[in-house]
Amino acid sequence: VYPPRELERRRNPTTGKNHPTSSMQQHRHQDLMTHFWTPFVLKWLRVHINYVGHNVRKMYSRALRRASTYASVELLSTDLLPHRLRTTTEDELKNLSRFILQLIQSSKIKYNLSHDQAVGLKSLLHNKDKYHYSVSDKGGEFVVMDKEQQKLLTEQHISSTAGVYQYVPPSRAYKGEIRDISTPTEVSFSRQIKMKTELLEADCNNLWKKISERRNLSLDFGQLFVSHHSNLPTLYVLVKTHKFNVNEIRTNDDIQAKCKVRPIVSCCSSPSEKLAWLCTEILSPLLNLVPSHLNNIYGHLSTLNSLTSQELAGRKFCSADISSLYTNINVQRSIDDVIEFAAENLETLDLLGLQLVDVHEMLDIVLRNAFFTYHGKLYLQLTGLFMGCKPSPIVAIIRVYMFEKRSIYTDVRFLNKPYGRYIDDGYGLVSSLEEAQVMFDLIAAEDPDRLLQWEVDFPKSNNDFVPFLGTEVRVSNGGSLEYKFYRKPQKKNITLHFKSHHPLKTKIEVIKNFYRTAEMSSSSPDYVEESFQVVDHLLRCNGYSNPRQFKSIRMTGLAQPRNTITVVFIPGKKLRDLLCSSRPYDRARCTIRNCKICAHLENNVMCTVKYPVYLITCNLCQETYCGESSRSLHDRLSEHL
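In this text the structure is predicted, and so the values were computed from the model without any measurement. (Residues numbered from 1 in each chain as written. Predicted model: local features only at pLDDT ≥ 70, side-chain atom pairs only at ≥ 80, totals over all residues. Heavy atoms only, no water.)

## So, the sheet that holds strand 15 (residues 471–475)
Right, on to step 1. Pairing is antiparallel in the open sheet, where 3 strands are placed in the order 14-15-16. Two strands close off the open sheet at either side, each with one partner strand: strand 14 (466–468) and strand 16 (481–485). The average angle at which neighbouring strand axes cross in this sheet is 30°, direction not considered.
Right, on to step 2. Bridge count between strand 14 and strand 15: 3 bridges; the pairing is antiparallel. Residue pairing for strand 15: P467 is matched across the bridge by E472. (Pairing = 2+ DSSP bridges. Helix = DSSP H or I, 4+ residues; strand = E, 2+ residues; numbered from the N terminus. Axes fitted to C-alpha atoms, helices over the stretch in contact; angles between N-to-C directions.)

Right, dumping it as structure tokens:
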């Protein structure tokens, strides 16, 4: 494609159209496809890539659509290439085109939905304006609820959590004073959110600019973390379907009384998202230095297996869970603990040219500006961390470790007793329920705010297993360690279905991974068989009639050149993508009354969008114009109308 200036010089000054060329007149479609692939096809053809089924059709149609946008742009001819290279290029392009067309024509996609399922999905999509769809907390099932009831349930959670959330009313300057607007409108809410977003974005960018200048960072590195086109975090809730019986829900009042929810604040595209990512990247190595931290949900098994029968004798395995860990954390003290722990282990961190004082300032602006939106209104979280913020798990883990460090790691009664924790789930080996309660109470007592609370699970008898993460564990009186695979009762039997369009290789690997995990988390052959039966039931519920036949299959294939990747399958949208949204009520809105630009836009696009590429048609001459702007659609299109 010619650069813009060269193309402008080649335009006919009288008609404003490109000079016709022989390649565009005689082989327009062929040249469009040829030159669309030309810049990268010589390298791409030498990589063994296999697309299957409808993905090939999608790729080819996308290429045609993109190529058609260049119809008014004069393309380079392969005649400009050397003869040897031109011949090779044309031959490879013809083979590529022939291969894609044959594959599209030969591929037949089998529709894997029954008639009732297809009708049901169509009905769900048709009623998206009436019903709210979400995925349940921990269960994996879908929750369908009337939108008005869902709003009431969320607002009830916000109002009932005293001292955690605060509504921020719109305000304006009046006679030198800032006063709340007595009767705010939708426009005043939108302007308030827009102003708060711009203010936080400016604060983040000013801080990063100051840090970049202070540490003499390169311009390219500095531009990576400049925030733009951001949105405030938004709140959504996941219904805890495992906390109630759905058959007991008869009326709308039952929904408000019995349904419990887990609040999630989505920080995607927030003003501080880039700085949050940078803090996480710098601080994540600290987790390897926390002695109580479990890197995965089976890390406790290696610790328990290293103990002898004498060390296990007379002890019981117990677990404990911290109630609402993220909400019950003091943010400022947590930041101080993280910086203190980082200073003690400074040699293990790669600060990327920064210093700890810079990380401290970034954590302050990321975690302490806890503004979020819900249903077009602005709120502030007064205590705790956002569950959807990247540094939150690291900060929470280190905060609790500081409590452990000052309690059980210095108390002689618990120095040699195994203990571990996976974020907010802890375990220990103790002799009695009273000792377990003392151990976890010592940790909670170190919290000056008295917000940390443990719920202890101790075996009621010698034959009882105690569930912990993905396992059930029991220590017999003789010091024998027993454990097996465990799935929580609230988890639904949902996994990759047999009728899915995923390749058979993918399904086999999923099955093998289930059996491999079940075997790894079982202490004896009997428990292995019991764990396998749990996996069998799960897979049979998802259409696999004889799942164990796939367990021992070895995956083989054609030898591939080194440093190559075969793209076997690109999955399409899932039901969650089609039905659910983390921002159902908090999308960008135009604040201009009777906006003339929004009335002309298609596909529910708002005039607030920046950096648009747009296509308009002149009402007088019917000519089309394709343009691009760094400003908003409203500012640019106002100059056209």
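## Concerning the packing of aromatic side chains
Right, on to step 1. Using the criterion set out here, one finds 19 aromatic pairs in the structure.
Right, on to step 2. Taken together, a centroid distance of 5.6 Å and an interplanar angle of 20° make the contact between F317 and Y427 stacked. Placement of F317 in strand 8 (residues 316–322) and of Y427 in strand 12 (residues 425–430) is noted, with a sequence separation of 110 residues between them. Across the pair, exposure class does not vary: F317 and Y427 are buried alike.
Right, on to step 3. Members of the aromatic cluster, connected to one another through ring pairs, are Y165, Y167, F372, Y379 and F386.
Right, on to step 4. For K196, the ring lying beneath its charged end belongs to F371, and the centroid distance is 4.2 Å.
Right, on to step 5. The positively charged end of K507 is found above the aromatic ring belonging to F498, 5.4 Å away from the centroid. (Phe/Tyr/Trp six-rings, centres within 6.5 Å; stacked < 30°, edge-to-face > 60°. Buried < 20%, exposed > 50% of the residue type's maximum accessible area, 1.4 Å probe, protein only. Lys NZ or Arg CZ within 6 Å of the ring centre and 35° of its normal.)

## With respect to unusual backbone geometry
Right, on to step 1. One non-glycine residue, I423, adopts positive backbone phi at about 60°.
Right, on to step 2. Relative to the helices and strands, I423 resides in the loop between strand 11 (419–422) and strand 12.
Right, on to step 3. Residues other than glycine seldom take positive phi values, yet R450 does so here, at roughly 55°.
Right, on to step 4. Along the chain, the position of R450 falls in the loop between helix 17 (433–445) and strand 13 (454–457).

## Remarks on empty space enclosed by the protein
The gaps of empty space that remain are located by a probe, the size of a water molecule, rolled over the atoms.
Right, on to step 1. Applying the stated criterion across every chain, the model contains 5 cavities of 30 Å³ or more.
Right, on to step 2. Considering only enclosed or pocket space, the largest cavity measures out at about 200 Å³ in volume.
Right, on to step 3. Residue lining of the largest cavity: 21 residues in total, with S272, V366, N369, A370 and F386 positioned closest to the centre.
Right, on to step 4. For the lining of the largest cavity, the elements supplying multiple residues, two or more each, are helix 8 (186–215), helix 11 (273–283) and helix 15 (356–367).
Right, on to step 5. The leading source of residues in the lining of the largest cavity is helix 15, at 3 residues. (1 Å grid on protein atoms, 1.4 Å probe; cavity = no way out; pocket = protein on both sides within 12 Å on 5 of 7 lines; lining within 4 Å. Points joined across faces, edges and corners; volume = space filled by probe spheres on them.)

## Focus on the packing of helix 11 against helix 15
Each pair of packed helices gets described by two things: the angle between the helix axes and the distance between those axes.
Right, on to step 1. The contact between helix 11 and helix 15 brings their axes to 9 Å, and the two run at 130°. One element, helix 11, and the other, helix 15, form an angle in the oblique class. Our pair here, helix 11 against helix 15, has a crossing hand that is left-handed. Judged by residue contacts, L275, A276, L278, C279, I282 and L283 of helix 11 engage V359, M362, L363, I365 and V366 from helix 15.
Right, on to step 2. For the contact of helix 11 with helix 15, the class distribution of residues is 11 nonpolar, no polar and no charged. (Parallel < 35°, antiparallel > 145°, perpendicular 65-115°, else oblique. Left-handed = near helix turned anticlockwise from the far one by under 90°. Contact = heavy atoms within 4.5 Å. Nonpolar A, V, L, I, M, F, W, Y, C, P; charged D, E, K, R; others polar.)

## Looking at the environment of E446
Right, on to step 1. Structurally, the position occupied by E446 is in the loop between helix 17 and strand 13.
Right, on to step 2. Distance from E446 to V400, taken between C-alpha atoms, is 9.2 Å for residues 46 residues apart in sequence.
Right, on to step 3. Those residues within four positions of E446 in sequence are excluded, and the remaining contacts are F403, R406 and S407.

## A word on the side chain of S227
Right, on to step 1. Inspection of the secondary structure assignment puts S227 in the loop between helix 9 (219–223) and strand 6 (234–239).
Right, on to step 2. Reaching out from S227, the side chain makes a polar contact with the backbone oxygen of P271 at a distance of 3.1 Å.
Right, on to step 3. Beyond its immediate stretch of four places on either side in the chain, S227 contacts E201, N205, S270 and P271. (Polar contact = N/O pair within 3.5 Å; in protein donor to acceptor, adjacent residues only side chain to side chain.)

## Some details on the pairing of strand 4 (residues 171–174)
Right, on to step 1. Two elements, strand 4 and strand 5 (residues 177–180), share 4 bridges in a ladder whose sense is antiparallel. Among the inter-strand pairings, A173 is bridged to a residue of strand 5, identified as I178.
Right, on to step 2. Connecting strand 4 to the next strand, strand 5, in antiparallel fashion are 2 residues, including K175 with a positive phi near 55°.

## Points about a nonpolar patch on the surface
Right, on to step 1. On the surface, a cluster of nonpolar side chains totalling about 190 Å² of accessible area is made up of V605, M606 and V609.
Right, on to step 2. Judged by its relative accessible area of 31%, M606 falls in the partly exposed class. (Patch = residues over 30% accessible without salt bridge, like charges linked within 9 Å, V, L, I, M, F, W, Y side chains within 5 Å. Areas by Shrake-Rupley, 256 points an atom, 1.4 Å probe, with all protein chains shown as cover. Salt bridge = Lys/Arg side-chain N within 4 Å of Asp/Glu carboxyl O.)

## Focus: the pairing of strand 10 (residues 377–381)
Right, on to step 1. Within strand 10, 4 of the 5 residues are buried, which leaves the element mostly enclosed by the surrounding structure.
Right, on to step 2. Counting the residues that bridge the hairpin from strand 9 (residues 371–374) to strand 10 gives 2 residues, and of these H375 lies at a positive phi of roughly 55°.

## Comments concerning the sheet that holds strand 11
Right, on to step 1. Ordered by their spatial adjacency, 4 strands build an open sheet running 11-12-8-13, and the pairing between neighbours is antiparallel. Two strands close off the open sheet at either side, each with one partner strand: strand 11 and strand 13. Direction aside, the axes of adjacent strands within the sheet are offset by 20° on average.
Right, on to step 2. As defined by bridge partners, strand 8 adjoins strand 13 across 4 bridges and the pair is classed as antiparallel. For S319, the partnering residue across the bridge sits in strand 13 and is D457.
Right, on to step 3. Across the sheet, helix 16 (residues 392–405) touches strand 8 and strand 11, and the angle it forms with strand 11 is around 160°.
Right, on to step 4. Sheet strands touched by helix 17: strand 8, strand 11, strand 12 and strand 13. Its angle to strand 13, the strand with the most contacts, is close to 160°.

## Here we look at the pattern of salt bridges
Right, on to step 1. One pass over the structure, following the stated rule, counts 20 salt bridges.
Right, on to step 2. Here K484 ties to E530 by a salt bridge, and the two come within 2.7 Å at their closest N and O atoms. Of this pair, K484 sits in strand 16 while E530 is found in helix 19 (residues 525–540), placing the two residues 46 residues apart along the sequence.
Right, on to step 3. The exposure class assigned to E530 is partly exposed, which follows from its relative accessible area of 34%.
Right, on to step 4. Through salt bridges with shared partners, a single ionic network connects R214, R215, D358 and E361.

Everything listed is a geometric property; what it means functionally is a separate question.
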